[in-house]
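Observations on the model geometry
Each chain, written out:
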Amino acid sequence: MSQFMISMVALILTLPIPFLVVFYFFARKWSRYKTKAVHRTAHVCAPVFILAVHVLAYVIFEQSFLAYILIFLCIILGVSLIVQYKLHEEIQLRRAFKGFFRASFLIFTLFYMGLTLYGLAARLLS
């Protein structure tokens, strides 16, 4: 059973885009609303893409960037808190974390796609 769980986690981290699509379809069937399904997918897939970017960067550059990723995540959370304070003059942590997860999902999805293209180009050219 533990080997199955390890294999599933490894599969999800190496192929986050198909996981994103499958999870979106399940969320779409579960909630019946497209916007809720998109938001739920972003919230669930954000940590997957963060870990996938870490693993991909480690494979490509043979160096761990986990500390930089954590610092970048703290910056994103700080920006989310500042924006919420400027807009509403009151900080609601639930709303701040929603913005944090959505922003990190978008940013790390772009990082993942960029690292994938860079890794493919580097392997083809070498």
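Each remark here, short or long, concerns the structure printed above.
Our subject in this report is the structure included herewith. Model, not experiment: these values are computed from the prediction.

The rules behind each value
- Residues numbered from 1 in each chain as written.
- Predicted model: local features only at pLDDT ≥ 70, side-chain atom pairs only at ≥ 80, totals over all residues.
- Heavy atoms only, no water.
- Helix = DSSP H or I, 4+ residues; strand = E, 2+ residues; numbered from the N terminus.
- Expected span 1.5 Å × (residues − 1).
- Buried < 20%, exposed > 50% of the residue type's maximum accessible area, 1.4 Å probe, protein only.
- Arc of directions from axis to C-beta.
- Contact = heavy atoms within 4.5 Å.
- Patch = residues over 30% accessible without salt bridge, like charges linked within 9 Å, V, L, I, M, F, W, Y side chains within 5 Å.
- Areas by Shrake-Rupley, 256 points an atom, 1.4 Å probe, with all protein chains shown as cover.
- Salt bridge = Lys/Arg side-chain N within 4 Å of Asp/Glu carboxyl O.
- Lys, Arg positive; Asp, Glu negative; His and termini not counted.
- Charge placed at Lys NZ, Arg CZ, Asp CG, Glu CD.
- Core = buried A, V, L, I, M, F, W, Y, C linked by side-chain atoms within 4.5 Å.
- Axes fitted to C-alpha atoms, helices over the stretch in contact; angles between N-to-C directions.
- Parallel < 35°, antiparallel > 145°, perpendicular 65-115°, else oblique.
- Left-handed = near helix turned anticlockwise from the far one by under 90°.
- Nonpolar A, V, L, I, M, F, W, Y, C, P; charged D, E, K, R; others polar.

As for helix α2 (residues 16-31)
With 16 residues, α2 extends 22 Å between its outermost C-alpha atoms, agreeing within 8% with the 22 Å of an ideal straight helix rising 1.5 Å per residue. For α2, the set of buried residues is Pro16, Leu20, Ala27 and Ser31. Down the axis of α2, the buried set is contained in an arc of 45°. They therefore lie on one face. Seen from the buried face of α2, the exposed residues on the opposite side, beyond 90 degrees, are Phe25, Phe26 and Lys29. Of the surrounding elements, those touching the buried residues of α2 are α1 (2-14), α3 (34-61) and α5 (93-125). Looking one or two places after α2, you find arginine 32, whose phi comes out positive at around 70°.

What to know about the side chain of threonine 41
For threonine 41, the location among the structural elements is in helix α3. You can call threonine 41 buried: its relative accessible area is 5%. Ignoring anything within four residues of it in the chain, the contact list for threonine 41 reads Leu20, Phe23, Tyr24 and Ala27.

Quick notes on a positive patch on the surface
A cluster of basic residues, Arg94, Arg95, Lys98 and Arg102, forms a positive patch on the protein surface. With relative accessibility at 42%, the residue arginine 95 sits in the partly exposed group.

Considerations on the side chain of serine 31
With respect to the helices and strands, the residue serine 31 is situated in helix α2. The residues touching serine 31, leaving out its near neighbours within four places in the chain, are Lys36, Ala37 and Arg40.

Comments concerning a nonpolar patch on the surface
On the surface, Phe4, Met5, Met8, Leu11 and Leu15 cluster together into a nonpolar patch covering about 460 Å² of accessible area. Looking at the element boundaries, leucine 15 is found in the loop between α1 and α2.

Concerning the nonpolar core
With 17 residues, the main nonpolar core has Phe49, Val53, Ile69, Leu73, Phe105 and Phe108 as its most contacted residues. At the level of secondary structure, the elements contributing two or more residues to this core comprise α3, α4 (66-88) and α5. Among the elements that make up this core, the one with the highest residue count is α3 (eight residues). Apart from residues lying up to four places away in sequence, phenylalanine 49 is in contact with Pro16, Ile17, Leu20, Phe105, Phe108, Thr109 and Tyr112.

Here we look at the packing of α2 against α3
A pair of packed helices is characterised by two quantities: the angle between their axes and the separation of those axes. Axis separation between α2 and α3 bottoms out at 8 Å; the angle between their running directions is 150°. On the basis of the axis angle, α2 is roughly antiparallel to α3. Both α2 and α3 take part in a crossing whose hand is right-handed. Packed against α2, whose contacting residues are Pro16, Ile17, Phe19, Leu20, Phe23, Tyr24, Ala27, Arg28, Trp30 and Ser31, the element α3 presents Lys34, Lys36, Ala37, Val38, Arg40, Thr41, Val44, Cys45, Val48, Phe49 and Ala52 at the interface. Each residue belonging to the contact of α2 with α3 can be placed in one class, and the counts come to 15 nonpolar, two polar and four charged.

A few points about α5
Taking 1.5 Å per residue, 33 residues should reach 48 Å; α5 reaches 46 Å between its end C-alpha atoms and fits that length. Buried positions along α5 lie against α1, α2, α3 and α4.

Overview of unusual backbone geometry
A positive phi angle, close to 70°, is found at arginine 32, a residue other than glycine. Inspection of the secondary structure assignment puts arginine 32 in the loop between α2 and α3. Within the chain, glutamate 62 stands out as a residue other than glycine whose phi angle is a positive 55°. When you line up the elements, glutamate 62 lands in the loop between α3 and α4.

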